[in-house]
Amino acid sequence: MKKIISLAFSLIVLTALNLFAQEEEQKPSVYQASAEKVHDLVHTRLEARFDYSKSQMLGKVWITLKPHFYATDSLKLDAKGMDLHAVQLVSATNVPLKYAYDGWVIKIKLDKQYTRNDKFTIYIDYTAKPNELKVKGSAAINDAKGLYFINPTGADKNKPTQIWTQGETEATSAWCPTIDKPNQKTTSEILMTVPDKYVTLSNGKLVSQKKNGDGTRTDHWKMELPHAPYLFFMGVGDYAIVNDTYNGMEVNYYVEKDYASVARKIFGDTPAMIAFYEKVTGVKYPWVKYSQMTARDYVSGAMENTTATLHQESAQQDARELVDENSWEGTIAHELFHQWFGDYVTAESWSNLTVNESFADYSEYLWYEHKYGVDEAGAENFTQMQSYLGQPSESEKDLVRFYYDDKEEMFDLVSYQKGGRILHMLRQVVGDSAFFKGINEYLTDNKFGTGEAHQLRLAMEAVSGRDLNWFFNQWYFGYGHPVVDISYAYDDAAKKVSVTINQMQGEDNLFELPLDIDVYNGDQKVRYSVWLNEKSETFTFPYTTRPDLVNVDANKFTLWQKTDNKTLENYIHQYKYAGNYVDRREAFIAALKQTDNPKAVELLKLALNDKSNRMRRGNLSRINPADKNLLAALEPGIVILAKSDKSKLVRAQAINLLANLKKPEYMEIFKAGLSDSSYSVAGASLYGLSQLDKNLALAEAKKLATKPNKGSLKDAISSAYMNSGSEELFAVVSENYKKMQWWEQLGQVNDFAGYLSELKSADKIKKGTDLIIAGSKSIPEQYQTQTNVMINKALQVIIDKKSNDKKLRAEIEKKLLK
């Protein structure tokens, strides 16, 4: 499961919202035991028909089970919000069974007592009514009704009709009775009867298709290897199926037909990813096929259903978006790696979710390292680390934790981002060979079963021969992270440098840390390996000539917050000679804080031409446009980047900086950029044009609006319309806002409110504020406390601007969200 809502700004919005939402969490109070296994699922056969007019599923399911150990004459099945028509024991003549049903669990009285050597099959005829189910999602999965009918009657001509399911965490039981726990494994087969014009996707292999006499078709999907119920999947819709292969195995991409021509550009790395992940795990891809499908209105980022991953619609990027980058590449890697970590070996309980999600999170690093090199991987590692460190309340949680109020709380920055960084440190501790061999041992020992952190530790210990309790106790079964202050003292008389590291996070949570420290003279370095065991420790190293740099945590593996008391000269040397992504980033930021120093400015100039596209883009984004002296010094370099950088995203960032200068001499750069193949460059160029000539920008925006536009170009067009303050454009501006997804609306709400505040027509202002309120209703409930504050601030701008119109002001005040 990858918790993404959308791209660009929307990713930033979601991150902020997730963080806000997590601040509201209460201290966990309930011990969450692993699910007791009274019965084991053996096989599940489901026959499904769909009532599109009612958004309901007509289901018949045959569930084969056996007692786990103790003999029993009763059975409990999870089944949420269903109408039950028959519950029977399958035999020569099916036997009706007595049962009680509270809308959540079916408690069945069996015909006799069964032992662990006995198998039996239960047949249930039922109707699933997902839209009538009242359930709550999480930060990662914003709804939990399991089965979703998208535009089922075709009323929205701009949206396809689709059906898809989302099983994680325990929502498969909203459409298929089962034992809906992650420690269950079962083989399965799903038969879907759908209108013949649609295609289907499910787990395993498509073994047959049968056309019926009523315009429908029945597709039979069969999964012959066991997997967890939350990984069951059904997908139905009018898709193009783009076929690919890996070593003769079926690999497919299900996309809306408009994206068929670019499907391979989006998903085409999948075969290479499979080959790479087979190599690093030492385990061949364990399933019969791998398909990926996109979905409208999806409730999460993506989901690793066994052999059939589902992605939100943002995965579908057109050719111009892909000119910038394939923004979905990391998610594709993440979900694929789950086929090993999550599907092949599944977290034994939600408390151990991190053995699924930390590995999937870290797989993105591994893929970037393999394909793009250490800089891109280093950037990924740093970004994910900062996501966790940027939310202080997350430091209060253990990585593996059994005390929480609801399983959905486990889908957080600790299970994902922190867990991924911990794996990165574990790799450093045991070394590459042992780390990857340990992964292999964990997967092999627990194949088609379940795993938890203790089993991962035992696998790593078996391979490395080392006791790793110290590592797992503090990182897996402990909370927080080190917060350190690093200082340096040079004694030229004694020819020694002392490095003092103070742990600042508190006596009750000290960490034991292996660290590499590099001591540099020019481009030559000597590496020292030390252990930090105490609250404060000083390490002393000899030198002949005073070092130019002492670089603690040389490879930047450690998950910590640090104050590193280096001089500017140290950082300049670090940028030039230490050289990894984080080293260079730290040096650039240090120089930004000392822009009155010519040496710092020279470093900033140098860093504008950094070898990493991602670094150059990030460096440009950190330059404060209000610092006119710095901008003047860097301007020649920025102009070069704006005109000719090899990365479209770097060019766009440079153009944005030039736009803030509002210099007429850059008009030609902006005009030229309007026709660029990159949405980002075109959008930045339109923004630049708007800073010099609003009327010309509006005219160009109208032209660009007649052609495909997405991302920053779409935003720039909307901004040009809104900045015009034109009453005549209200219909276009309001319609554009109405069509946006809720996260896109959040990104535009301040501009839209600012536009409304400039209008004279009270009627248009009312209609616009109604759109803002209507859009707020589609925001998932768990975010609304925070987003309501954002929306109210935007509405307050209108209220303040229209303070003389008491009636209008009063009407808008009534709309303020609670």
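Cut-offs used in this document
- Residues numbered from 1 in each chain as written.
- Predicted model: local features only at pLDDT ≥ 70, side-chain atom pairs only at ≥ 80, totals over all residues.
- Heavy atoms only, no water.
- Salt bridge = Lys/Arg side-chain N within 4 Å of Asp/Glu carboxyl O.
- Helix = DSSP H or I, 4+ residues; strand = E, 2+ residues; numbered from the N terminus.
- Buried < 20%, exposed > 50% of the residue type's maximum accessible area, 1.4 Å probe, protein only.
- Axes fitted to C-alpha atoms, helices over the stretch in contact; angles between N-to-C directions.
- Parallel < 35°, antiparallel > 145°, perpendicular 65-115°, else oblique.
- Contact = heavy atoms within 4.5 Å.
- Nonpolar A, V, L, I, M, F, W, Y, C, P; charged D, E, K, R; others polar.
- Expected span 1.5 Å × (residues − 1).
- pLDDT = per-residue confidence, 0-100.
- Phe/Tyr/Trp six-rings, centres within 6.5 Å; stacked < 30°, edge-to-face > 60°.
- Lys NZ or Arg CZ within 6 Å of the ring centre and 35° of its normal.

Here the focus is the pattern of salt bridges. Under the definition given, this model contains 53 salt bridges. A salt bridge links K211 to D196; the nearest nitrogen and oxygen atoms lie 3.4 Å apart. Remark: D196 occurs in the loop between strand 11 (186–195) and strand 12 (199–202) and K211 occurs in strand 13 (residues 205–211); sequence separation between them is 15 residues. Taking relative accessible area as the criterion, K211 reaches 63% and is therefore assigned exposed. Residues R264 and D244 are paired through a salt bridge, measuring 3.3 Å at the closest nitrogen-oxygen approach. Residue R264 is found in helix 2 (residues 263–267), and its partner D244 is found in strand 16 (residues 239–246); the two are separated by 20 residues along the sequence. Linked through salt bridges whose partners overlap, the residues forming this network are D196, K211, R217 and D219.

Packing of helix 25 (residues 784–801) against helix 26 (residues 806–815) leaves a shortest axis separation of 9 Å and a crossing angle of 170 degrees. In terms of their interaxial angle, helix 25 and helix 26 are classed as roughly antiparallel. Together, L795, I798 and I799 of helix 25 and R809, I812, E813 and K815 of helix 26 make up the contact between the two elements. Taken together, the residues of the contact of helix 25 with helix 26 sort by class into four nonpolar, no polar and three charged.

Here the focus is helix 9 (residues 432–445). Between the first and last C-alpha of helix 9 there are 20 Å, a value that for 14 residues agrees with the 20 Å anticipated at 1.5 Å per step. All of the buried residues in helix 9 are A434, F435, F436, G438, I439, N440, Y442 and L443. Looking at the buried side of helix 9, the elements it contacts are helix 3 (270–281), strand 21 (345–347), helix 6 (354–371), helix 8 (414–430), strand 22 (449–451) and helix 10 (453–464).

Below, the discussion takes up the confidence of the model for the protein chain. In this model, the protein chain carries a mean pLDDT of 94, and residues with pLDDT of at least 70 account for 96%. For the stretch residues 5–26, pLDDT sits under 50, and the model shows 50 contacts to residues farther than four places along the chain or on other chains.

So, about the environment of I669. Its place among the elements puts I669 in helix 18 (residues 667–673). On the basis of relative accessible area, I669 is assigned to the buried category, the value being 12%. I669 sits 605 residues away from T64 along the chain, and the two C-alpha atoms are 68 Å apart.

Let us now look at the packing of aromatic side chains. Using the criterion set out here, one finds 40 aromatic pairs in the structure. Seen from their ring centres, W475 and F511 are 4.8 Å apart, and the 45 degrees between their planes marks the pair as tilted. Note that W475 is positioned in helix 11 (residues 469–475) and F511 in the loop between strand 24 (496–503) and strand 25 (513–521), a separation of 36 residues in sequence. Both residues of the pair, W475 and F511, count as buried. Among the aromatic side chains, those forming a connected cluster through ring pairs are F276, Y277, Y285, Y290, F337, W340, F341, F359, W367 and Y442. Taking NZ or CZ as reference, R45 lies 5.9 Å from the ring centre of W62, over its face. Geometry around F69 places R116 over its ring, the cationic atom sitting 4.3 Å from the centre.

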